Amino acid sequence: MSGKVIVCRCEDVTLHDVEHTLARGYRDIEEVKRYTGFGTGPCQGKECLRVVACLLAERTGVAPSAIAPFTTRPPIASVPLRLLAGPGAEDLTSARDDDATDEDHGMAG
Amino acid sequence: MAPRDPPPPTPTATPGPAEQPALPARAETVVIGGGVIGLAIAWNLARLGKSDIVILERSYLAAGASGRNGGGIRQQWSTELNIRLMQESVALVKRFTADLGINVWLRQGGYLFLARTDTERGFLEQNAALQQRCGVGTRVLTPAEANEIVPELDVSGFAAAAYNPSDGILFPWPFLWGYADGAVKLGARLHCFTDVTAIDRPPANDAAGDFTVHTSRGAIRAHRVINAAGAWSPEIARLVGVELPDRPVRHEILSTEPLKPFLRPMVSVLGTGLYFSQSMRGEIVGGVSIHGDRHTLAMGSRLKFLTTMARALCELVPQFGEVQVLRQWAGPYDVTVDGNPILGEPPGLPRFYLCCGFMGHGFMMAPVIGKYYGEWLAGGKPHEIFDKWTLARFASGQLAKETFIIG
């Protein structure tokens, strides 16, 4: 049954895949992301992150509030390359770009 | 769970932070850094019977550059030593699934380097001749011939290309899990989420004494310590009073939506650091250099990378304009001034081994470097790399530069 319950629709990750990952000893949400590929498709975790986090909480006994989301990868929604390559795109880049994103993303990336 | 679901396998490796066993009091070898270099050395040492190994990883597996790179593996280099090492590394990667029981999605679609100027064409011709003498099948192509390999390229303005069909790409993450599981099965112990905070040198009155490595989860004594911390290796070396010359440089990368498979080789443009390939999942994955950055271990993502990369991709492959970017991320190159790594023991500090400074290609070199490091530490004769790529070379100025670096 768990092999037919989809937890990440973009990448076809099943409940069984997550259970398999936990059984291998991976507990951190970043590890589960990498081992299953959940959250790496078009929705970038907007649909599946909450589901997998709840599963981790339920199966490992960790409080849901103790499970941080995996690092968000820009852009927030998919963007065609031509929009980013177009004239004026570089003007979107502020002088504070480096510092601002490092503050947001921290050293962990 | 329905009866026909297979039972979950027995856990073999990398227990999470909550349930990790305590660090052992001592190990013959402590490897600092659970990236591909440290894991490759550990597996090779264990394979050769020296399996009393503890690997200390500060975060989760694949948290550093080993989990953030483009997965390229090439034999096109500018020095005979690197060409020959990478020929051997490719051979080892082809055996990886048989040796370590995990599919790393190796696809040998070649590497296609594009040159804009006559100087760059000369660089490709000279290197191709050297590569051919070593037995690598690199050919220098006209732009039209490059177009036959990748018809989508707009080759106007290019002078030449170099193509070696046996270069390729693989998926970095299973590569790490393969080495980790392989080492653990042979007796090595992997401790993730374990941060090294201090290292005591062996006692001054005891030449054969142990190091003591202090971590966020307790201390461990070690006969030998291997610093395989990649871009973080200078921080680790500083804990024993050794100053390393390698420095971290942020490199960014992006991935697009998956496309129907069409692109065989990794494509790279000399001088810009642009490279991209199509992964086995169909995504276009690649990066480009942002020059002028200060040294940093920060891994934040920047819009200026996205716009620079988008422009470079759309200029070279106009059809990419409609392709959607899904995500971007960053990782550190671990950069040395001569483009080669730092190996062996620093002067005056025996049994503290360096394995760092891999310039963004540590991933592809790990199989062969791990093999020779393992053989040496298991009692074999040291390969010439341990004479050539020492820390001392930077002081002596005897630098044989590797110039075939992307970015």
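Everything discussed here concerns the structure shown above.
Residues numbered from 1 in each chain as written. Chains lettered and ligands numbered in written order. Predicted model: local features only at pLDDT ≥ 70, side-chain atom pairs only at ≥ 80, totals over all residues. Heavy atoms only, no water.

Participant: Can you help me understand helix 8 (residues 303-316) of chain B in this one?
Facilitator: With 14 residues, helix 8 of chain B ought to run about 20 Å at 1.5 Å a step, and its terminal C-alpha atoms sit 20 Å apart, in line with that. Restricting attention to buried positions, one finds in helix 8 of chain B the residues B:Phe305, B:Leu306, B:Thr307, B:Met309, B:Ala310, B:Ala312, B:Leu313, B:Cys314 and B:Leu316. (Helix = DSSP H or I, 4+ residues; strand = E, 2+ residues; numbered from the N terminus. Expected span 1.5 Å × (residues − 1). Buried < 20%, exposed > 50% of the residue type's maximum accessible area, 1.4 Å probe, protein only.)

Participant: Would you take a moment to explain the packing of helix 2 (residues 80-94) of chain B against helix 9 (residues 362-377) of chain B for this structure?
Facilitator: A packed helix pair is summarised by two numbers, namely the angle formed by the two axes and the spacing between the axes. Residue and element names in this part refer to chain B. Running from N to C, helix 2 and helix 9 cross one another at 95°; their axes reach a closest spacing of 8 Å. Judged on the interaxial angle alone, helix 9 and helix 2 are roughly perpendicular. Every residue of helix 9 that contacts helix 2 at Asn82, Leu85, Met86, Glu88, Ser89, Leu92 and Val93 is listed here: Met364, Met365, Pro367, Val368, Lys371 and Tyr372. Looking at the contact of helix 2 with helix 9 residue by residue, the classes come out as nine nonpolar, two polar and two charged. (Axes fitted to C-alpha atoms, helices over the stretch in contact; angles between N-to-C directions. Parallel < 35°, antiparallel > 145°, perpendicular 65-115°, else oblique. Contact = heavy atoms within 4.5 Å. Nonpolar A, V, L, I, M, F, W, Y, C, P; charged D, E, K, R; others polar.)

Participant: How should I be thinking about the packing of aromatic side chains in this particular structure?
Facilitator: Two aromatic rings are characterised by how far apart their centres lie and by the angle between their planes. All names here are of chain B. Going through the model one piece at a time under the given rule, you end up with 21 aromatic pairs over all chains. Ring geometry for Phe175 against Phe363: centres 5.2 Å apart, planes inclined by 50°, an arrangement best described as tilted. On the criterion of sequence distance, the pair formed by Phe175 in helix 6 (residues 172-185) and Phe363 in helix 9 is long-range, its members being 188 residues apart. One exposure class covers both Phe175 and Phe363, and it is buried. Members of the aromatic cluster, joined through ring pairs, are Trp43, Phe96, Phe175, Tyr179 and Phe363. (Phe/Tyr/Trp six-rings, centres within 6.5 Å; stacked < 30°, edge-to-face > 60°.)

Participant: Help me understand the nonpolar core in this model?
Facilitator: Nonpolar side chains in soluble globular proteins tend to be buried together. All names here are of chain B. Counting residues in each nonpolar core, the largest one holds 79 residues, and the members touching the most others are Phe175, Tyr179, Ile369, Tyr373 and Ile385. Examining the composition of this core, we find that 10 residues originate from one element, helix 9, more than from any other. Shared between two domains, this core holds at least three residues of each, these being domain 1 (24-68 + 173-246 + 338-396) and domain 2 (108-168 + 247-335). Apart from residues no more than four positions distant in its own chain, Tyr179 is found in contact with Val36, Leu39, Ala40, Trp43, Phe96, Leu100, Ala366 and Pro367. (Core = buried A, V, L, I, M, F, W, Y, C linked by side-chain atoms within 4.5 Å. Domains from an automatic or database assignment.)

Participant: What is the right way to look at the pattern of salt bridges in this model?
Facilitator: It is possible for side chains bearing opposite charge to pair when their charged atoms get close. Tallying each qualifying case throughout the model produces 24 salt bridges over all chains. Ionic pairing is found between A:Arg34 and A:Glu30, a salt bridge with its closest N-O pair at 2.9 Å. Of the two residues, A:Arg34 and A:Glu30 are both situated in helix 2 (residues 29-36); the distance of four residues between them amounts to about one turn of the helix. Close ionic contact of A:Arg82 with B:Glu322 constitutes a salt bridge, the shortest N to O distance being 2.7 Å. Remark: B:Glu322 occurs in the loop between helix 8 and strand 16 (324-335) and A:Arg82 occurs in helix 4 (residues 81-85); the pair is interchain, linking two chains. The exposure class assigned to A:Arg82 is partly exposed, which follows from its relative accessible area of 42%. Among the residues examined, B:Glu322 registers a relative accessible area of 51% and is labelled exposed. Taken together, the shared-partner salt bridges connect A:Glu11, B:Arg281, B:Glu283 and B:Arg327 into one network. (Salt bridge = Lys/Arg side-chain N within 4 Å of Asp/Glu carboxyl O.)

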